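The residues making up each chain are set out below.
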Amino acid sequence: MTGQHFDVVVIGGGPGGYAAALYGASAGLNIALIEKKRLGGTCLNVGCIPAKELLETASVARTVNHAGEFGIETSALGIQWGTTLTRKQAIIDRLVGGLGMLLKNRKVTVFDGVGQLGVDHQTVTVSNGVETTTISGDAVVLAAGSEPRTLDGFPVDDSRIVTSDELLSIPELPGSAAVIGGGAIGSEFASMMADLGTKVTLLEYEKKLMPGADSDATKVVERSFKKRGITVRTGVAVKSQVTNEDGVTVTFGDDDETVTVDTVVIAIGRRPASETLGLDRTGVAVDARGFITVNDTCRTSVPGVWAVGDVIPTAQLAHVAFAEAIVTIKDILGETVIPVAYDKVPWCIYSHPEVAFAGHSEASAKDAGYDVVVSKHRFMGNGRAMIVGETEGLVKVIAEKQPDGTGGKILGVHMVGPWVTEQLGQAYLAVNWEATVEDVAQFIQPHPTMSELFGETVMALTGRSLHA
Ligand code: FAD
């Protein structure tokens, strides 16, 4: 029997689902939100927030290790991992609690349980292990998110072979670790563990770390990783593992090289969690990898059903899920929708050094057929970077080449170095507004800030410059 009726029923309480609920409720819609585990999804519980919290712990350790340069005396570094985990959990709990309050204040009805599409596209069942309730909505939004991918022959446990889920709560930091996968998540984990004393080997199948990032940026990361004792191996396939009392021996590469470590961290990407949604009942189309296919306003193949976030084949980022949720609610309301510009999404990687970019790298701009001109400047000469004691890194701006050799439209900005994740905002606006270098160069950058380097790098493309 069909119970309560809503304007919108959202399945999944992660960034995609809760953003659809909050934005929809703020527009006056009556919303139901179904979550089977814990509000906040991957991002708040086992993703962005805990990962960045542990990286901040690593940053504190680096600061303490370099305190002597500033004339501050410290005793030898001691890590109380239990305190770190408690702090991390307290931040998660505050955010999850705050989200619950926000949803309550906006009068979103939250159901605990597994949501599945019912007999038709407007009906959803919610099962909590005790009972099954049926609710309905004029529109349904699928936001089931994703789960870590695993590797055949690498059985996951709590400490020997782990994914991000287990690593983020690991009871003790390993003495040594092999991280499989040098994307954003793997690179962040490698950086964090190395700064906290783990001997790390990072194994990546592609020729370079961090797909999408300009190779000038990733070269800086690789150099820094190596300097800090991380063994970086790119262009190698991981083949197998053997676990015994000495640890886990991983075999990789064409020559069957091996490394024996306490812990293996699998960070090879995430698969869509579409299988619990009952998609076959209503015929919502999925691709060969299980991602729900959508059009540019996130409509699925079934009218009245939308899908957002990691469960669709777009960049798996919390802020992309937010953007897709907004697009979806506007589409449900019948408003004019500007689809997400997926080629210009901001990416931030919080390793040390940090990497942040939006738009084309030099290589991808050339592959797309642009005649480009680039400007690169290093943090080495930036006053604030010297004050902070972190001068490693650069800003690179890629622009369309004008007939006179100067830069025209800004196609991409790629940064590596201190606090670049906090500096990407204005670069992202420039790329997405399709600003020219002249447009941006006229704006003031406050002094002394790291962001002066972005202004200088853009200005150099006008053919004139100040310090750069
Ligand atoms: P999820 O967050 O996965 O949420 C889906 C929710 O749906 C889950 O709570 C799940 O329990 C629930 N669910 C699934 N099926 C059902 C069902 N049938 N019924 C009811 N509930 C269901 N992104 C960034 O932007 N920045 C970062 O710095 C960043 N760092 C990350 C670090 C790590 C270690 C990881 C793993 C991810 C990181 N991400 C980051 C990615 C980000 O977490 C995801 O892109 C984001 O959480 C996706 O949101 P979502 O709502 O689509 O899915």
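The structure presented is a predicted model; accordingly, all values stated were derived computationally and were not measured. Along every chain, residues carry numbers that run from 1 in the direction the sequence is written. Per-residue local features of the predicted model are confined to residues with pLDDT of at least 70, and side-chain atom pairs are confined, for both listing and counting, to 80 or more; whole-chain, interface and lining totals are unaffected and use all residues. The side-chain numbers reported here are obtained from all heavy atoms of the structure, hydrogens and water having been left aside.

1. So, the nonpolar core
- Core analysis: the biggest nonpolar cluster contains 55 residues, and Ile-135, Leu-142 and Ile-292 have the highest contact counts within it.
- Put simply, DSSP marks the helices as runs of H or I at least four residues long and the strands as runs of E at least two long, and each gets a number from the N terminus on. No other element matches helix α1 (residues 15–26), which puts 6 residues into this core.
- Whether two residues are in contact is decided by their heavy atoms: any pair within 4.5 Å suffices. When neighbours within four sequence positions are excluded, Leu-142 is seen to be in contact with Ile-11, Leu-117, Leu-277, Leu-279, Val-284, Ile-292, Val-305, Trp-306, Ala-307, Val-308 and Val-311.
- Among the buried residues, those of types Ala, Val, Leu, Ile, Met, Phe, Trp, Tyr and Cys that are joined through side-chain atoms within 4.5 Å form a nonpolar core. Using a 1.4 Å probe on the protein chains alone, a residue whose accessible area is under 20% of its type maximum counts as buried, one over 50% counts as exposed, and one in between counts as partly exposed. Membership of the second largest hydrophobic core comes to 37 residues, among which are Leu-54, Ala-61, Leu-167 and Val-200.

2. Observations concerning the packing of aromatic side chains
- Aromatic contacts are taken between Phe, Tyr and Trp rings whose centres are within 6.5 Å, Trp giving its six-membered ring; a plane angle under 30 degrees counts as stacked, one over 60 as edge-to-face, and the others as tilted. For the coordinates displayed, the defined rule picks out 3 aromatic pairs.
- Ring centres 6.1 Å apart and planes at 90° place the aromatic pair Phe-6 and Phe-111 in the edge-to-face group. One end of the pair, Phe-6, is in strand β1 (residues 5–11); the other, Phe-111, is in strand β3 (residues 109–112), and 105 residues separate them in sequence.
- Among the residues examined, Phe-6 registers a relative accessible area of 3% and is labelled buried.

3. Details of the pairing of strand β21 (residues 394–401)
- Most of β21 is tucked away, with 6 of its 8 residues classed as buried.
- Bridging between strand β20 (residues 372–378) and β21 involves 7 bridges; their strand directions are antiparallel. Its bridge partner being in β21, Val-372 is matched across the sheet by Glu-400.
- The pairing of β21 with strand β22 (residues 407–417) spans 7 bridges and is classified as antiparallel. Two strands make a pair as long as DSSP finds a minimum of two bridges between them.

4. Some details on the site of the ligand
- Distances are taken per atom, and a residue is near a molecule or strand as soon as one of its heavy atoms is within 4 Å of it. Around the ligand, 38 residues are found, and the nearest of them are Glu-35, Thr-42, Lys-52, Gly-115 and Asp-310.
- Thr-42 places a polar side-chain atom, nitrogen or oxygen, 2.6 Å from an oxygen atom of the ligand.
- Using a 1.4 Å probe, accessible areas were evaluated by the Shrake-Rupley method; residue-level cover was limited to the displayed protein chains. When the ligand is considered free in solution it has 990 Å² of accessible area, and contact with the protein chains removes 95% of it.
- Those elements that provide at least two residues to the shell around the ligand are α1, β2 (31–35), α2 (41–46), α3 (48–65), β4 (114–117), α6 (184–195) and α9 (318–332).
- Grouping the constituent residues of the shell around the ligand by class yields 15 nonpolar, 16 polar and 7 charged.
- As used throughout, domain bounds are those supplied by an automatic or database domain assignment. Two domains each put at least three residues into the shell around the ligand: domain 1 (2–147 + 271–342) and domain 2 (161–268). Residues adjacent in sequence count toward polar contacts only when both atoms are side-chain atoms; beyond that, a polar contact is any pair of N or O atoms within 3.5 Å, and within protein one must be able to donate a hydrogen and the other to accept it. Ten residue types, Ala, Val, Leu, Ile, Met, Phe, Trp, Tyr, Cys and Pro, are classed as nonpolar, four, Asp, Glu, Lys and Arg, as charged, and the remainder, Gly among them, as polar.

5. Examining α3
- Its 18 residues place the ends of α3 26 Å apart at the C-alpha level, agreeing with the 26 Å of an ideal helix rising 1.5 Å per residue.
- Taken together, the buried positions of α3 are occupied by Pro-50, Ala-51, Glu-53, Leu-54, Leu-55, Thr-57, Ala-58, Ser-59, Ala-61 and Arg-62.
- Packed against the buried residues of α3 are α2, α4 (81–105) and α6. The span one expects for a helix is its residue count, reduced by one, times 1.5 Å.

6. Quick look at the packing of α1 against α4
- Axis lines are fitted to C-alpha atoms, over the contacting stretch for helices. Their N-to-C directions set the angle, which ranges from 0 to 180 degrees. Between α1 and α4, the shortest axis-to-axis distance is 9 Å and the interhelical angle comes to 35°. As α1 runs across α4, the sense of the crossing is left-handed. Two secondary-structure elements touch here, α1 through Tyr-18, Ala-21 and Leu-22 and α4 through Leu-99, Leu-102 and Leu-103. With the far helix as reference, a near helix turned anticlockwise by less than a right angle produces a left-handed crossing, and one turned clockwise produces a right-handed crossing.

7. Examining unusual backbone geometry
- In this structure, Pro-353 follows His-352 across a cis peptide bond, with omega equal to 0°.
- Within the secondary structure, Pro-353 sits in the loop between β18 (347–349) and β19 (354–359).
- Note that the residue after His-447, namely Pro-448, is joined by a cis bond; omega there is -5°.
- Here Pro-448 is to be found in the loop between α13 (437–441) and α14 (452–460).

8. Here's the deal with the sheet that holds β22
- The sheet built from 5 strands is open, its strands ordered β18-β19-β22-β21-β20 with antiparallel pairing. Bordering the open sheet on either side are β18 and β20, each of which pairs with just one other strand. For this sheet, the mean angle separating the axes of adjacent strands, direction not counted, is 15°.
- Running over the sheet, α14 touches β20, β21 and β22 and is turned about 145° from β20.

9. Observations regarding the domain arrangement of the chain
- By the assigned domains, the chain splits into domain 1 (2–147 + 271–342), domain 2 (161–268) and domain 3 (353–460).
- Every contact between the two is made by 13 residues of domain 2 and, on the other side, 14 residues of domain 3.
- Accessible area that two parts lose when put together, with a 1.4 Å probe and added across both, is what the buried area reports. Buried area between domain 2 and domain 3, both sides added, is near 970 Å², and the carbon and sulfur share of it is 63%.
- The largest per-residue losses of area from domain 2 upon contact with domain 3 belong to Asp-214, Asp-216 and Val-220, which jointly make up 47% of the total buried on that side.
- Any carboxyl oxygen of Asp or Glu within 4 Å of a side-chain nitrogen of Lys or Arg constitutes a salt bridge here. Taken together, the connections running from domain 2 to domain 3 amount to 4 salt bridges.

10. What about the environment of His-447?
- Note on placement: His-447 falls in the loop between α13 and α14.
- Each C-alpha atom, one on His-447 and one on Arg-384, is 8.5 Å from the other, the two residues being 63 residues apart in sequence.
- Within polar-contact distance, the side chain of His-447 engages the side chain of Glu-452 at 2.8 Å.

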